[in-house]
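# Architecture and fold: a report
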Amino acid sequence: MYAYRFTPSPPSGGTGSVVVDADEDGEAGAEHAMLFYVNAAAVHNCLIMVSRWYGGIMLGPKRFAIIKNVMRDGYVMYCSKTGGNGAGAAAAATGKGKK
């Protein structure tokens, strides 16, 4: 499953509109959670992919928290260092760093 958010550069210069999309690949409800994260964290110019497999234990709704945590970690590790808008926005979107 994946989600992305980027702003393409229009050929005439100026600013383009933000493009956001996600695919849950059959993981019902994950697309909504992933889109919420990339928008809340203001992820920019980044595609975040999450892979999971069935290990014999049904996770139920807890899987969405796991998916968001993996997305945040991937964003902070890779996208924020390569042109994203920084780790601070990712932490703010998940409630981390609040006092």
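To be clear, the structure that these remarks concern was listed above.
This write-up is about the structure you can find in this document. As a convention, each chain's residues are numbered from 1 in the sequence order in which they are written. Totals for whole chains, interfaces and linings use every residue, but because this is a predicted model, local features are given only for residues with pLDDT of at least 70 and side-chain atom pairs only at 80 or more, for both listing and counting. To obtain the side-chain values, all non-hydrogen atoms of the structure were included, while hydrogens and water were left out.

### Observations regarding unusual backbone geometry
Here Ala42, not a glycine, exhibits a phi torsion of approximately 55 degrees, which is positive. We count a stretch as a helix when DSSP gives it H or I for four or more residues in a row; a strand needs E for two or more, and each element gets its number in order from the N terminus. With respect to the helices, strands and loops of the structure, Ala42 is situated in the loop between helix 1 (30-40) and strand 3 (46-49). A positive phi angle, close to 55 degrees, is found at Asn45, a residue other than glycine. Mapping Asn45 onto the fold places it in the loop between helix 1 and strand 3.

### Here we look at the state of the cysteines
In what follows, a disulfide is any cysteine sulfur pair within 2.5 Å. Counted by the stated rule, this structure contains one disulfide. Across the disulfide, Cys46 is cross-linked to Cys79 (sulfur-sulfur distance 1.5 Å). Note that Cys46 is positioned in strand 3 and Cys79 in the loop between helix 2 (62-77) and helix 3 (87-94), a separation of 33 residues in sequence. For Cys46, a relative accessible area of 7% puts it in the buried group. The cut-offs for exposure are 20% and 50% of the maximum accessible area for each residue type, with area from a 1.4 Å probe on protein chains only; residues under the lower value are buried, those over the upper are exposed, and the others partly exposed.

### Brief notes about the packing of helix 1 against helix 2
Orientation is described by axes fitted as lines to C-alpha atoms, over the contacting stretch for helices, and by angles from 0 to 180 degrees between their N-to-C directions. At their nearest, the axes of helix 1 and helix 2 sit 10 Å apart, and the two run at 35 degrees to each other. Note on packing geometry: the crossing formed by helix 1 with helix 2 is right-handed. Within the contact between the two elements, helix 1 uses Ala30, Ala33, Met34, Tyr37 and Val38 and helix 2 uses Phe64, Ile67, Lys68, Met71, Arg72 and Tyr75. The crossing is said to be left-handed when, going from far helix to near helix, the turn is anticlockwise and less than a right angle, and right-handed when the turn is clockwise. Working rule for contacts: check all heavy atoms of both residues, and any pair within 4.5 Å makes them a contact.

### So, the pattern of salt bridges
Note on definitions: salt bridges are taken to be side-chain nitrogens of Lys or Arg within 4 Å of carboxyl oxygens of Asp or Glu. In the structure shown here, the tally under the stated rule is three salt bridges. The closest approach of N and O atoms between Glu27 and Arg63, which form a salt bridge, is 2.5 Å. One end of the pair, Glu27, is in the loop between strand 2 (19-23) and helix 1; the other, Arg63, is in helix 2, and 36 residues separate them in sequence. With relative accessibility at 15%, the residue Glu27 sits in the buried group. A salt bridge links Asp73 to Arg72, with the shortest nitrogen-to-oxygen separation between them at 3.4 Å.

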